[in-house]
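Working through the structure, step by step
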Amino acid sequence: MAYPGLFISLEGGEGAGKSTSIVLLQRELEAKGCKVLVTREPGGIRIAERIREVILNTEYTEMDPHTEALLYAAARRQHLVEKVIPALENGVIVISDRFVDSSLAYQGYARGLGIDAVWEINHFAVQAVMPDVTYWLDIAPDAGLRRIEANQLREVNRLDQEALSFHYKVQEGYQIIAQRHPDRIVRIDAAQTPEVIVSHMMENLQQRTRIMGK
Ligand code: TYD
């Protein structure tokens, strides 16, 4: 669906450095005079916040994987309708920290529900609204988890507590999804500095916006 705005999502496993890159990317785009909205699911939307509390609660170890996938899709829908679409309609560049591909990689592939099955429920949730471009910050899972451990400020959630093998599966999942959508998903080596990562994004965005006429 063509909105006047531009929809960018950032994806990656734990400790890939999405948050730092997003801050820099926002700064670069604003310096060029763009209006930017940075968000992440659940994005301060009260209904989605409540859903997130349930999903990430470390006490809820009994959560069924299908329930988890459905809850993510429900939170995504609310965030999309309340926050992302209105901004895109107003010509804003929306940068979302995670979107549909997180569900495909985490629930679809790593949890083993199937990428296609998880896409079905997400398709229902997002309809035709997909990012114009997705930057996948690819980090070796052991390096990513080491980064998180070093960052004392970050809260530990239910998914961080999964075994290392789960995080390797997440990475494999992203690889498969990126191969399926080579036009939309751009892999960036997350071992590089945030400055280098963001310069790749800016270069790529300039090319794309020329092509898209935005
Ligand atoms: P968050 O604290 O936002 O972590 P991060 O900084 O890694 O983005 O926690 C989100 C967690 O939820 C993270 O482990 C990834 C996971 N997740 C899914 O499994 N499926 C999804 O659809 C989304 C959006 C996130």
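Described in the following lines is the structure provided in the data block.

Scoring rules and cut-offs
Residues numbered from 1 in each chain as written. Predicted model: local features only at pLDDT ≥ 70, side-chain atom pairs only at ≥ 80, totals over all residues. Heavy atoms only, no water. Helix = DSSP H or I, 4+ residues; strand = E, 2+ residues; numbered from the N terminus. Rg over C-alpha atoms; globule rule 2.2 N^0.38 Å. Buried < 20%, exposed > 50% of the residue type's maximum accessible area, 1.4 Å probe, protein only. Contact = heavy atoms within 4.5 Å. Areas by Shrake-Rupley, 256 points an atom, 1.4 Å probe, with all protein chains shown as cover. Lys, Arg positive; Asp, Glu negative; His and termini not counted. Charge placed at Lys NZ, Arg CZ, Asp CG, Glu CD. Core = buried A, V, L, I, M, F, W, Y, C linked by side-chain atoms within 4.5 Å. Near = heavy atom within 4 Å. Polar contact = N/O pair within 3.5 Å; in protein donor to acceptor, adjacent residues only side chain to side chain. Nonpolar A, V, L, I, M, F, W, Y, C, P; charged D, E, K, R; others polar. Pairing = 2+ DSSP bridges. Axes fitted to C-alpha atoms, helices over the stretch in contact; angles between N-to-C directions.

Describing the overall build of the protein
Scanning the protein from N- to C-terminus turns up eight helices and five strands. In the protein, the succession of helices and strands from N to C terminus is β-α-β-α-α-β-α-α-β-α-α-β-α. Relative to a compact globule of 214 residues, whose C-alpha radius of gyration would be 17 Å, the protein shows 16 Å and is just as compact. With the C-alpha coordinates aligned to their principal axes, the bounding extent of the protein is approximately 45 × 35 × 35 Å. For the protein, buried positions account for 48% of its 214 residues. Of the contacts formed within the protein by residues at least 6 apart in sequence, a portion of 80% connects residues at least 24 apart. Accessible surface, the protein as shown: approximately 10800 Å² in total, 52% of it carbon and sulfur. Taken together, the 24 basic and 29 acidic charged side chains of the protein have centroids lying 4 Å from each other.

Side note on the nonpolar core
Ranked by size, the top nonpolar core spans 28 residues in total, and within it Phe7, Leu80, Leu88, Val94, Val129 and Val170 carry the most contacts. Within the residue set of this core, elements represented by two or more residues are helix 3 (65-89), helix 4 (100-110), helix 5 (115-126) and helix 7 (164-180). If you tally residues by element for this core, the top one is helix 3, at six residues. Beyond its immediate stretch of four places on either side in the chain, Leu80 contacts Phe7, Ile85, Pro86, Phe99, Ala125, Val126 and Val129. One finds Val133, Tyr135, Ala190 and Val198 within the second-largest nonpolar core, a separate group that totals 23 residues.

Here we look at the site of the ligand
For the ligand, the set of nearby residues contains 15 residues, the closest of which are Tyr72, Arg76, Arg98, Ser103 and Gln107. Within the contact set of the ligand, an oxygen atom lies 2.9 Å away from a side-chain nitrogen or oxygen of Glu14. Here an oxygen atom of the ligand and a side-chain polar atom of Arg52 are 3.2 Å apart. Out of a free accessible area of 540 Å², the ligand has 92% covered by protein chains. Of the residues assigned to the shell around the ligand, the class counts are three nonpolar, four polar and eight charged.

A short note on the sheet that holds strand 4 (residues 133-138)
As summarised here, the arrangement of the five strands in space is 2-3-1-4-5, forming an open sheet in which the pairing is parallel. Two strands bound the open sheet, and with one partner strand each, they are strand 2 (36-40) and strand 5 (185-189). Adjacent strand axes in the sheet meet at a mean angle of 20 degrees, parallel and antiparallel pairs treated alike. In this sheet, strand 4 lies alongside strand 1 (residues 6-12) in parallel orientation, the contact comprising five bridges. Within strand 4, the position partnered with Gly12 by the bridge is Leu137. Packed on one face of the sheet, helix 1 (residues 18-31) meets strand 1, strand 2, strand 3 (93-97) and strand 4 and runs near 170 degrees to strand 3. Helix 7 rests against strand 1, strand 4 and strand 5 of the sheet, and its axis sits at about 145 degrees to strand 4.

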